Structures are given as C-alpha cells and as structure tokens.
Amino acid sequence: MAHFIKKAAFISLITLISRILGMIRDAVIAFIFGAGMVSDAFFIAFRPFDLIRKMMSDGILSISFIPLFAELFAQNKKDQAAAMFLNALVFISIAGALLVSLGIYFAPFLIELFAPGYYPGSYAHTLSCLLFRIMMPYMAIIFFVALSMSVLHARGNFHVPAATPVLLNLCMITAAVLFSNRFTSKIVVLAFGVTAGGIVQLAFQMPSLVKLGMFNFKAFVRGHPHVKKAFITLGPAIIGAAAFQINVLAAGLFASTLDPGSVSYLNYAERLVQFPLALVASPVATVLLPMLCARAGTRCLETGKHPGRVPGFDFFNQTRETQGLSLLFETGLRMVLFLIIPAAAGIIALNRPIVLLLFGRGAFDLTAVDQTGQCLVFLVLGLWAVAGTRLFVAFHYALSNIRQPFMAGIVSIGSNILLCRFLVERMGVTGLSLAVSLSAVAGFVLLAASGPLGIRGRAVLVCACRAVFMSVIMYFLIRWMCGFWSDCSWIIQATGLAISISAGAGCYLLGARLTANPEMAMLTRIFFKTK
C-alpha cells in the first residue's frame, strides 16, 4: 500500500511541474491575446486536440490496452507483447494519416460543428480553420504518444509519461514569447507551437520504448487478436472515462453562441480545475489501473477464469474473497476524496484572487477576471465527482467491465446536453459550468451505486463527510484572510494568496491530525516512516 501511494506521490510531483508550466503558458496567452475573438478562435480550434490529449494523458487508451498487454507479460510472453505493440502502432499510423488528411480537407465543416456561432466566411471562422489545419498533424502524434504511455505504464515506468506534457507547455510558451511578433496574426504561433510540441513529445518517449524491446520487428504478426479487442473496447472506454472532457467540449459549443470571450472564460476556468485533478486524481488512477490489472490477472491465472464482468456486490458489505483488490481501490478513493474536497473548497474561497493573479494583466481585463472566476466556482462544485469517477472507471476496466462505465458516461453526457440547453438561457456561460458539474455528479452516483466488489461504502462516506466538515472551517479562515490583502499591490496579493493557501492547508491537515483521521495517519506513516 505504501508503494502504491509513493508512486502516486512521485507522479504528482512531476505533474506539479507540468501544471505550473501550464499555468505559465495560460498566463502568457492571456497576457498577449486576452479574452476575445482571437483567443476564442484558438481555443475553438485547439479544443478537439486538447480533448484527445487530456483523454490520452488520463489513460483512456491505457484502459483498453493495459489489461491485455499486462496479461501477456504476466504469462512471460514478451515477444507477443511486442507484436501487440507493433500491430497497434501500424493501425494507429494508418488511422492517423487518414484522420489528418480528412481533418485538413473538412476543416471548415468541422469548425462549424465545433462553433455553431461562427458563420462561414467570418473572420473568426476563417482564423479557426487556419489554426485547426496547422495543428492537425498533432492529432496523429497524440495517438502514438498515448500508445507508448500505455506500454510504459504497464511496465511500471510512470515518470517518462508524466514528464511528457512538460515539453508541450515549453514549446507553446517559447512560440508565444519569441515568435508572436513575427506574424501578422500573432495567434498562429501557438498553433505551430502545438505541432512542434507533439514532435518533441514523441522523440522524448522513443528511447524508453526501444529499451523495453518494443521494436522487435521479427515478432510482428498481422491481425493480433488482442489489438482488435483493445480497439473494439476503445469507443466505450472513451465514453465512460472521458465524459467530463466531452461535457466541457459540448459546453464550449454552446459558449460559441454567446458574447465574444465566453469560450475563453470557460477554457481558463477548466484549465484551473484540471490542476487539482492532475495532482490528485490522475496520479492515483494511473498507478491504480496497472496494479489492479496485475492483481486481477493473478486471480485469473489462479482460478483459470477470465476476470469478466465485475460482480454486483452490495456497496455497503465487505467481501472476503476480494478483500485485497477492494482494499487497494478503497484506499485510493479515500485518499483522493481526502485531498480533492479541501482543494475544491480552497478554489471556491479564492476563485477571483487566483484568476486575477494568474491572468489579470495585459489584454485580460477585469470583466474577463470576474466571468472566469464565476465559471471556476461552478466547475469546482463537481470536482469531487470527476475525481471519484476516474477511479471507479479505472477499477471497472481493470476487471474488464465496460458496460457500467459506458452507461454512466452516456447518462452524464446526455444530462449535460439537456442542462446546457436549459441553463445557458438563464445563467449564460456560468450556467454551462454548472451543467458540467451536475452531469459529473450524475455519472458518479450511477457508478458508485453499482457497488463493485464490496467496497466499504460507509468508510468512504465517513471519509468524505470528515473532509467536508474540515474544509468548511478552512473555507471561512481563507475568506477572512482575503480581506487583508485583496486591494493591495500585485506583489502583496501574490504573497497574501500564498500565505492564505498555506494557512488553509495547515488548518485542514492540523484538524485531520487532531481528529485522528485515518487517511492523515496513513500519509504520516508512509512519508515520515512512523510506526
């Protein structure tokens, strides 16, 4: 258990560096381009690529690939594992080339689909098409990077995939800072930065794949059965595991029909929400999936049966025969809730100061700050549900249960579309943020109600209630501290924000320590090596 949490903590540390660079990237974009029609055009064009990138970074391909790939290694069939990788690589290369060609040709139609408010012939539509075509090669690169991430995760190499997003952020920052003044339309450099970032990411992962022996072309066979099975399950996996990203994309479509800047407000808010998700939920889910697959595979070899579907146990009863598997998942879920709930409370308390500090300068005016802050509050309300869903999805897919996450994803996406149509007329862009959060809660409730493998529901519920109680106390402390520095200079605001976050975190952890919180006790034992 300690090994599991330490691995997740190591990924969080690398991810923290990537997210800090991501915040710097967004701050640079906000400073140079602000929140208006030009930035909206970029975010509209970039949204499909960002969606696929986030899905692959969160291990969407891993969900369908790792269980089968890990099974071959568990049976000491390294040549067959290399054959599976090469088969998948050929398939992805052909599909990627076809996708890039079609994307470039049908760019005008796709932009109309992504942004219903952008009429053909308008400047926003023309600019979006240009940016989309420049970034289109990145789409094929994403799939190759995702495939290599799946292989590395399955073999226990988490640091290389975790460091890969750093390179994309560096390329985009470099392009914006050094080359934006060399083009008539400055926003074009960001599109070139995205494509260049994909090439650099791919080159970074190649040595690790070579070291694992994945390019053993003698082992190549046509039509590997595991590859066919993995890609058949990929579609349902995307629906089940990427419902939140799909919902944000759908909200962006509605936002394109509102006032200029609405797409940017929603995008900047979503970027801030991704910060705690990437630091807490994604590392735990990334480490949890191959570990669950390994345990499920061992159980499968011992019994001579395929894991199959997850049995429908009662959520509030413990099952002895699956105690090790369920305990691993339950620990991960409780840790995520213990950390993500106070993070959400802190963001709600400091929403405007955070947005103002990160983006509120240059072309990003106070109206943009206020609108982005309001979107951030409503998005954060569903943060705990998004984080919990990622773990439940990883758990189900590790045991080859595709149906339940798929149905939860359908419910979440369907409810989001209905809520967006209803709330956008009454609340504008903030209503779209609320719709995304409510739909995330709907998907989480359906997954939690399925009750996989006798997870102790009461223990998880008590953990969440304790976290909420201590987070409320932390919230009022932070809000009280904000009054001392909210109207001061930029340097004092930054210092005050850092002090407030530190004080809030200290208050929460001290409260957890004084109340003998088991999650806090576990973290203390692991990282401070106490008995």
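Computed from a prediction, not measured in an experiment: that's the story for all the values here. (Residues numbered from 1 in each chain as written. Predicted model: local features only at pLDDT ≥ 70, side-chain atom pairs only at ≥ 80, totals over all residues. Heavy atoms only, no water.)

A. Structural detail: a nonpolar patch on the surface. Together, Leu98, Leu102, Tyr105, Phe106, Phe109 and Leu113 give the surface a local cluster of nonpolar side chains, amounting to about 660 Å² of exposed area. Counting residues per element, the ones that place at least two in the nonpolar patch are helix H4 (78-105) and helix H5 (107-114). Per-element accounting of the nonpolar patch gives the leading share, 3 residues, to H4. Residue placement: Leu113 occurs in helix H5. (Patch = residues over 30% accessible without salt bridge, like charges linked within 9 Å, V, L, I, M, F, W, Y side chains within 5 Å. Areas by Shrake-Rupley, 256 points an atom, 1.4 Å probe, with all protein chains shown as cover. Salt bridge = Lys/Arg side-chain N within 4 Å of Asp/Glu carboxyl O. Helix = DSSP H or I, 4+ residues; strand = E, 2+ residues; numbered from the N terminus.)

B. Main features of the environment of Ile478. Within the fold, Ile478 resides in helix H19 (residues 457-482). Remark: the alpha-carbon pair of Ile478 and Gly504, spanning 26 residues in sequence, is separated by 6.1 Å. Ignoring anything within four residues of it in the chain, the contact list for Ile478 reads Gly346, Ala349, Leu350, Ser500 and Gly504. (Contact = heavy atoms within 4.5 Å.)

C. Just the packing of aromatic side chains, in detail. If you walk through the whole model with that rule in mind, you get 10 aromatic pairs. Pairing Tyr105 with Phe106 gives two aromatic rings, centres 4.9 Å apart and planes at 85°, and the pair type is edge-to-face. Of the residues examined, Tyr105 reaches a relative accessible area of 62% and is grouped as exposed. For Phe106, a relative accessible area of 39% gives the class partly exposed. Ring-pair connections join several aromatic residues into one group, and the members of that group are Phe42, Phe43, Phe46, Tyr268 and Phe359. It is Arg426 that lies over the ring of Phe422; its NZ or CZ is 3.8 Å from the centre. (Phe/Tyr/Trp six-rings, centres within 6.5 Å; stacked < 30°, edge-to-face > 60°. Buried < 20%, exposed > 50% of the residue type's maximum accessible area, 1.4 Å probe, protein only. Lys NZ or Arg CZ within 6 Å of the ring centre and 35° of its normal.)

D. Representation of the environment of Val380 within the structure. By secondary structure assignment, the location of Val380 is in helix H15 (residues 366-380). On the basis of relative accessible area, Val380 is assigned to the buried category, the value being 1%. Sequence separation between Val380 and Ser437 is 57 residues; the distance between their C-alpha atoms is 7.3 Å. Look past the residues within four positions of Val380 in its chain and what remains in contact with it is Val273, Ala344, Ile347, Ile348 and Ser437.

E. Molecular detail of the packing of H4 against helix H9 (residues 225-232). In the contact formed by H4 and H9, the axes pass within 8 Å of each other and the chain directions differ by 50°. Classified by the interaxial angle, the pair formed by H4 and H9 is oblique. Regarding H4 and H9, the two cross each other, and that crossing is right-handed. Between H4 and H9, the contacting residues are Met84, Asn87, Ala88, Phe91 and Ile92 on the first element and His226, Val227 and Phe231 on the second. Taken together, the residues of the contact of H4 with H9 break down into 6 nonpolar, 2 polar and no charged. (Axes fitted to C-alpha atoms, helices over the stretch in contact; angles between N-to-C directions. Parallel < 35°, antiparallel > 145°, perpendicular 65-115°, else oblique. Left-handed = near helix turned anticlockwise from the far one by under 90°. Nonpolar A, V, L, I, M, F, W, Y, C, P; charged D, E, K, R; others polar.)

F. Focus on the confidence of the model for the protein. Scored by pLDDT, the protein has a mean of 79; 81% of the residues are at 70 or more. Contacts from residues 297-322, a stretch scored under 50 in pLDDT, to residues over four places away or in other chains number 49 contacts. (pLDDT = per-residue confidence, 0-100.)

G. Geometry of the pattern of salt bridges. This structure, assessed with the given rule, holds 5 salt bridges. Notably, a salt bridge pairs Asp26 with Arg25, separated by 3.4 Å at the nearest N-O pair. Judged by its relative accessible area of 1%, Asp26 is buried. Measuring nitrogen to oxygen at the nearest pair gives 2.8 Å for the salt bridge that ties Arg271 to Asp26. Remark: Asp26 occurs in helix H1 (residues 2-33) and Arg271 occurs in helix H12 (residues 262-303); sequence separation between them is 245 residues.

H. Quick peek at the packing of helix H10 (residues 234-241) against helix H17 (residues 403-427). H17 packs onto H10 with a crossing angle of 55° between their chain directions and a minimal axis gap of 7 Å. With respect to H17, the element H10 is oriented oblique. For the pair H10 and H17, the sense of crossing is left-handed. For the pair formed by H10 and H17, the contact residues are Pro236, Ile239 and Gly240 on the first element and Pro405, Phe406, Gly409, Ile410 and Ile413 on the second.

I. Main features of helix H8 (residues 188-211). An ideal rise of 1.5 Å per residue puts 34 Å on 24 residues; H8 measures up with 37 Å between its terminal C-alpha atoms. Bending of H8 peaks at approximately 25° at the position of Gln205, with proline Pro207 no more than four residues after it. Of the residues trailing H8, Gly213 is marked for its positive phi of about 80°. (Expected span 1.5 Å × (residues − 1). Bend = angle between axes of the 7 residues up to and from the residue.)

J. Geometry of the side chain of Thr430. By the secondary structure assignment, Thr430 is in helix H18 (residues 429-449). Engagement of the side chain of Thr430 in a polar contact is seen with the backbone oxygen of Met427, the distance being 2.7 Å. Those residues in contact with Thr430, other than ones at most four positions away along the chain, are Gln374, Cys375 and Phe378. (Polar contact = N/O pair within 3.5 Å; in protein donor to acceptor, adjacent residues only side chain to side chain.)

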